[in-house]
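Chains, contacts and geometry: an overview
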Amino acid sequence: MGILKLCVFSLILLKFHYISAEFFKRDVTELEKGPEDVAWVVQLSDLHFSVHHPERALSFEKIVGPALSMINPSLVFITGDLTDGKSKDLLTMKQDEEEWLEYQKVLDNVIKKSGLKKNVFYDLRGNHDIFGVPVIGGSFDFYSKYSINGQLKRSGLVNSVTIQIGERSIQFVGFDSITSLGLRGPTNLFGHPTDQLLDEISSELSELDSQPAKPVIKIAYGHFPLSFSAVSQSGRTLKETFLTHNLSAYLCGHLHTKFGKNLKRHHESNQHPLYYKHLLQLNGHGSLPNNSKTCSDEATEFKEFWEWEMGDWRKSRAMRILSIDRGWMSFVDVDFKLGAKNVIILPTFPLDSRFTLERSFHKCKVESLNLNSIRALIFSSSPVVSVVARIYDSRPGNLVTVLETPMKRNEDSTSRGNLYTCPWNFNAFEDPSPDRFLLQIEAVDIKGRSTLTELRPFSVGGLRARLSWNWKEFMVMGCQWEALYFPILWFFYLLTLPILIFPKAIFVFVRKQYTYKSLVGNRKLVTYVAWILSELYNLPLVWFSLIVYLFYLILCPWLSGQVFTEGGERGYMTYRGWVLRFNEREKLDFHGFPDIMVVVLPHLYFVVLPTIIVIGALVAERAVFQDHLRALSAKKEDDYLVKSNVSAQTSGRNKTLTLLHRRWIRKMLLLISLAICWKHFLNCRALIKAYAMNPFIHFPVYSMSIPLLLTYTIYKTSRAE
């Protein structure tokens, strides 16, 4: 009996070992051909294949296949939003199997044209690929059926692949941080890494740490930028995980190029716990590096990585080529909007000083042999006859050529790609300015076509150049929206509720009346506000309705909608997220936080707040008009009737009185009220389409309150009493 138990136990252990080995199986790609210690991969993102826009798939099939054949990358990553999942009017967001069939067909054709193996392609989900999917692996999870990862049985949320080139390992860890329940848009905008997912990412990133003597480059790729990634249930973040495991770069998509082409961000660990960068980062470069470190400082070297968002294929027709040359990363974003490219040039050294890592230039690690040549990968559909490297000095105020030298191809008949190099005296370009010197490379093919790279600043000492954002780039990359949601929400309530409630209590106890005449001798902001509120309190139904509506938005559901692709249960949305069912402890489970901010914050700041301001302005205008009528009736404004020989002061006063008499200010406020109602109507229309709702049944308070309040206020202030 004991022997039988031992055999059964051994079989269980053997089976567990087999399952574990399969579960933790990792792909390894060994590069044997030249160029030595150089690898490159391709990233594509946000394809948005749509039945309503077939040109996206057609151009992808026509351009990407030949481009990949020319580039011959070791790996190809497609970082989310493979299909669009939107109706023609862009308001209904759910899965369409026809789009996925098109994606599968186009990718199969691209793989054939590229000459690459299917297993070098890795695609992952974006938020569009999960719209309306109630269960991963269910009938509406078309990603699991039609994607490349799905076809190759890469069923986990984390997939790791390592490029082995000599002694160097380049590890790529991709992950899906989509929501556990695929809500329909627009409240499906953020990545939601769970604690389990972060543990899996940590496990993959630490896999090669057991061989510290061998150099390892770690790169992660996903769909969502970190500014649009929520924290886990225990408060952990992707950024902390990446810093812990010495990541070098995070590749992502999601934002497209409509917000800017400079969506890059440097992350570092040497921040004070209360540092404002936990909420905001004002520029892309972060704090600039300190190059005064010595070898004794190596132990205290801080951790850092770059986040590189790339453009979309949907409109920008963008592709990224990322190279790792002797451990140094460089990339070029290629624009295919005008069609295929005959030549693509990727300078790999010197590095673009806007995107360097401080640890890459640590004085104890950089060997002079690694700095003694200018290097570039050149991909061409036709033979290249000449390559020239030029360096310009920008200090004189205009560009002055200080070096022009031909580059030669590394001779290797079995090369995976063409690496061109030329020697240079790097010591001659040491300078305290990281963007004084600019590199440009020109290639001419056998047909006489010339291709120039952009002017790239470089620093042989590893200094990092400033990377400034415009306001749109700052909004999407510099703001940590998950952390900012509640502060922005509660700021609205701290702004509105005290102003509406506290003065009412003061007026009740003090019994002081503020009228328009009281402003004559005391023109202060506080007096103006007190007077307007005093007039608002004369419309008690309006004031009370505003208070009730503000509390309703916090205490009650906003709307009830269909959140999955077809059928299924309806959920209701609050400012904390969607509620679909009670959990096992009979408590509410909220989903889609902080994604619901795309509904909550625009409604509060662009509809409710303007409504409160316009209502206050309407009651103030009526009070001024009433005072004007009393003045006329008492015949205290005789100069109002003077039509000639008036002084400049009297003329200006007459214009003011004319405005009051004809109530032009009121007419302007009526136009603003119409604009608010129109904005509110568009919001309601979008929600009706998105979640299959009836405004009178599924969200009557949300949809009707603002128009009714404005209408009632306009009616009550139409005539002076």
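Here the residue index of a chain counts from 1 through its sequence in written order. Confidence filtering applies because this is a predicted model: local features only for residues at pLDDT of at least 70, side-chain atom pairs given and counted only at 80 or more, and all residues used for totals across whole chains, interfaces and linings. The side-chain values count all of the structure's non-hydrogen atoms but skip hydrogen atoms and water molecules.

In the annotation of an unreviewed UniProt entry, the chain is listed under the name Calcineurin-like phosphoesterase domain-containing protein and assigned to Solanum pinnatisectum.

Only protein atoms enter the calculation, which uses a 1 Å grid: trapped sets of points that fit a 1.4 Å probe without letting it out are cavities, open sets showing protein on both sides within 12 Å along at least five of seven lines are pockets, and any residue with an atom within 4 Å of a point is a lining residue. Grid points are joined across faces, edges and corners, and a volume is the space filled by probe spheres set on the points. Scanning the model with the defined rule gives one cavity of 30 Å³ or more in all. Lining the largest cavity are 13 residues, and of these Asp-123, Leu-124, Asn-149, Asn-159 and Gly-174 sit closest to its centre. Where the lining of the largest cavity is concerned, the elements lending two or more residues are strand E4 (121-124), strand E5 (158-165) and strand E6 (168-175). Strands are runs of DSSP state E lasting at least two residues, helices are runs of H or I lasting at least four, and both sets are numbered from the N terminus onward. The leading source of residues in the lining of the largest cavity is E4, at three residues.

Residue placement: Val-41 occurs in strand E2 (residues 38-44). When the C-alpha atoms of Val-41 and Ile-71 are compared, they prove to be 8.9 Å apart, with 30 residues separating the residues in sequence.

Once that is clear, we can look at helix H8 (residues 471-478). Of all the residues in H8, the buried ones are Glu-473, Phe-474, Val-476, Met-477 and Gly-478. The term polar contact refers here to a pair of N or O atoms within 3.5 Å; inside protein, the definition further demands a hydrogen-donor-capable atom paired with an acceptor-capable atom, and it admits residues adjacent in sequence only when both atoms are side-chain atoms. The distance from a side-chain oxygen at the start of H8 to the backbone nitrogen of Lys-472 is 3.1 Å, and the residue carrying that oxygen is Asn-470. Relative accessible area decides the class of each residue, using a 1.4 Å probe on protein chains only: under 20% of the type maximum gives buried, over 50% gives exposed, and in between gives partly exposed.

One way to see where empty space is left: roll a probe the size of a water molecule over the atoms. For the second largest pocket, the calculated volume is near 1500 Å³. Contributions of two or more residues to the lining of the second largest pocket are made by H8, helix H9 (481-510), helix H12 (597-633) and helix H14 (664-691). Per-element accounting of the lining of the second largest pocket gives the leading share, eight residues, to H12.

With that out of the way, let us pick up the pairing of strand E10 (residues 304-309). Summarising burial for E10: six of the six residues are buried, a large majority. As defined by bridge partners, strand E8 (residues 249-252) adjoins E10 across four bridges and the pair is classed as parallel. If you follow Tyr-250 over to E10, its bridge partner there is Glu-307. Pairs of strands are assigned from DSSP output, requiring at least two bridges between the strands. Both strand E9 (residues 264-268) and E10 contribute to a ladder of five bridges, which runs antiparallel. Across the sheet, Lys-264 pairs through a bridge with Trp-308, a residue of E10.

Another aspect to go through is the sheet that holds strand E13 (residues 343-349). If you trace the four strands from one edge of the open sheet to the other, you get E13-E14-E18-E17, paired in antiparallel fashion. A single partner strand is all that each edge strand has here, and the edge strands are E13 and strand E17 (408-409). Strand direction decides the pairing type here: E17 and strand E18 (residues 418-423), joined by two bridges, are antiparallel. The residue bridging Lys-408 from the neighbouring strand is Thr-421, located in E18.

Here, a salt bridge means any side-chain nitrogen of Lys or Arg that lies within 4 Å of a carboxyl oxygen of Asp or Glu. Considering all chains together, one arrives at 24 salt bridges under this definition. In this structure, Arg-436 engages Asp-431 in a salt bridge whose closest nitrogen and oxygen atoms are separated by 2.7 Å. With respect to class, Arg-436 is no different from Asp-431; both count as buried. Note that Arg-456 and Glu-454 form a salt bridge whose closest N and O atoms lie 3.9 Å from each other. Arg-456 gets classed as buried once you look at its relative accessible area, which sits at 7%. Given the relative accessible area of 44%, Glu-454 is considered partly exposed. Bridged by salt links that share partners, the residues Asp-352, Arg-354, Glu-454 and Arg-456 form one connected network.

Residues enter patches when they are more than 30% accessible in relative terms and free of salt bridges; like-charged ones are connected within 9 Å and nonpolar ones (Val, Leu, Ile, Met, Phe, Trp, Tyr) within 5 Å. Note that accessible areas follow from Shrake-Rupley with a 1.4 Å probe, and for residues the cover is restricted to the protein chains shown. A cluster of nonpolar side chains, namely Phe-491, Leu-495, Ile-499 and Val-529, defines an oily patch on the protein surface of about 320 Å² accessible area. Ranked by the residues each element gives to the nonpolar patch, the list is headed by H9, at three residues. You can see Phe-491 is positioned in helix H9.

Let us now look at the packing of helix H11 (residues 540-555) against helix H15 (residues 700-716). To get an axis, fit a line to the C-alpha atoms, keeping to the stretch in contact for a helix; angles then go from 0 to 180 degrees between the N-to-C directions. Where H11 contacts H15, the two axes come as close as 11 Å, and the packing angle between them is 160°. Taken together, H11 and H15 sit at an angle that is classed as roughly antiparallel. Judged by the sense of rotation from one axis to the other, the crossing of H11 with H15 is left-handed. Residue-level contacts link Leu-541, Val-542, Ser-545, Leu-546, Tyr-549 and Tyr-552 of H11 to Val-701, Tyr-702, Ser-705, Ile-706, Leu-709, Tyr-712 and Thr-713 of H15. For this scheme, ten residues count as nonpolar: Ala, Val, Leu, Ile, Met, Phe, Trp, Tyr, Cys and Pro. Four count as charged, namely Asp, Glu, Lys and Arg, and the remainder, Gly too, count as polar. Here the residues of the contact of H11 with H15 are counted per class, giving ten nonpolar, three polar and no charged. Any angle that falls under 35 degrees is termed roughly parallel, while one over 145 is termed roughly antiparallel, one within 65 to 115 roughly perpendicular, and all others oblique. If you view the pair so one helix is near and one far, a crossing is left-handed when the near helix is turned anticlockwise from the far one by less than a right angle, and right-handed when it is turned clockwise. Whether two residues are in contact is decided by their heavy atoms: any pair within 4.5 Å suffices.

As a further point, take the sheet that holds E2. Strand order in the open sheet made by the five strands is E4-E3-E2-E11-E12, with mixed pairing throughout. Of all strands in the sheet, those bounded by a partner on one side alone are E4 and strand E12 (328-335). Taken pair by pair, the neighbouring strands of this sheet meet at an average axis angle of 20°, ignoring direction. When strand E3 (residues 76-79) meets E4, the two strands line up parallel, connected through four bridges. Residue Phe-77 lies in a different strand from E4, and its bridge partner there is Tyr-122.

Turning to the packing of aromatic side chains, a few remarks are in order. Aromatic pairs are defined between Phe, Tyr and Trp rings, using the six-membered ring for Trp, whenever the two ring centres lie within 6.5 Å; interplanar angles under 30 degrees are classed as stacked, those over 60 as edge-to-face, and all others as tilted. Counted under the stated rule, the structure contains 43 aromatic pairs. An angle of 75° between the planes, with centres 5.9 Å apart, marks the rings of Trp-100 and Tyr-103 as edge-to-face. Here Trp-100 pairs with Tyr-103, and both are found in helix H3 (residues 97-114), just three residues apart, close to one helical turn. A relative accessible area of 0% means that Trp-100 is categorised as buried.

Core analysis: the biggest nonpolar cluster contains 67 residues, and Leu-44, Phe-60, Phe-172, Ile-219, Ile-321 and Leu-322 have the highest contact counts within it. Here the element with the most residues in this core is helix H2 (residues 55-71); it accounts for eight residues. In this structure Leu-44 touches Phe-60, Val-64, Val-76, Phe-77, Ile-78, Thr-79, Met-310, Trp-313, Ala-318 and Met-319, once residues within four positions along its chain are discounted. The next biggest cluster of nonpolar side chains, apart from the first, holds 66 residues, and it includes Trp-469, Phe-492, Tyr-493 and Ile-612. Residues belong to a common nonpolar core when they are buried Ala, Val, Leu, Ile, Met, Phe, Trp, Tyr or Cys residues joined through side-chain atoms within 4.5 Å.

Another point: the environment of Thr-565. With respect to the secondary-structure elements, Thr-565 resides in the loop between strand E22 (559-562) and strand E23 (570-574). For Thr-565, a relative accessible area of 2% corresponds to the buried category. Each C-alpha atom, one on Thr-565 and one on Ile-130, is 9.7 Å from the other, the two residues being 435 residues apart in sequence. Once residues lying within four places of it in the same chain are set aside, the contact partners of Thr-565 are Lys-94, Gln-95, Phe-131, Gly-132, Val-133, Phe-140 and Arg-184. Polar side-chain contacts of Thr-565 include one of 2.8 Å to the backbone oxygen of Gly-132.

A few words on the side chain of His-680. Residue placement: His-680 occurs in helix H14. In this view, His-680 contacts His-603, Val-607, Tyr-702, Ser-703, Ile-706 and Pro-707; residues no more than four positions away in its chain are not counted.

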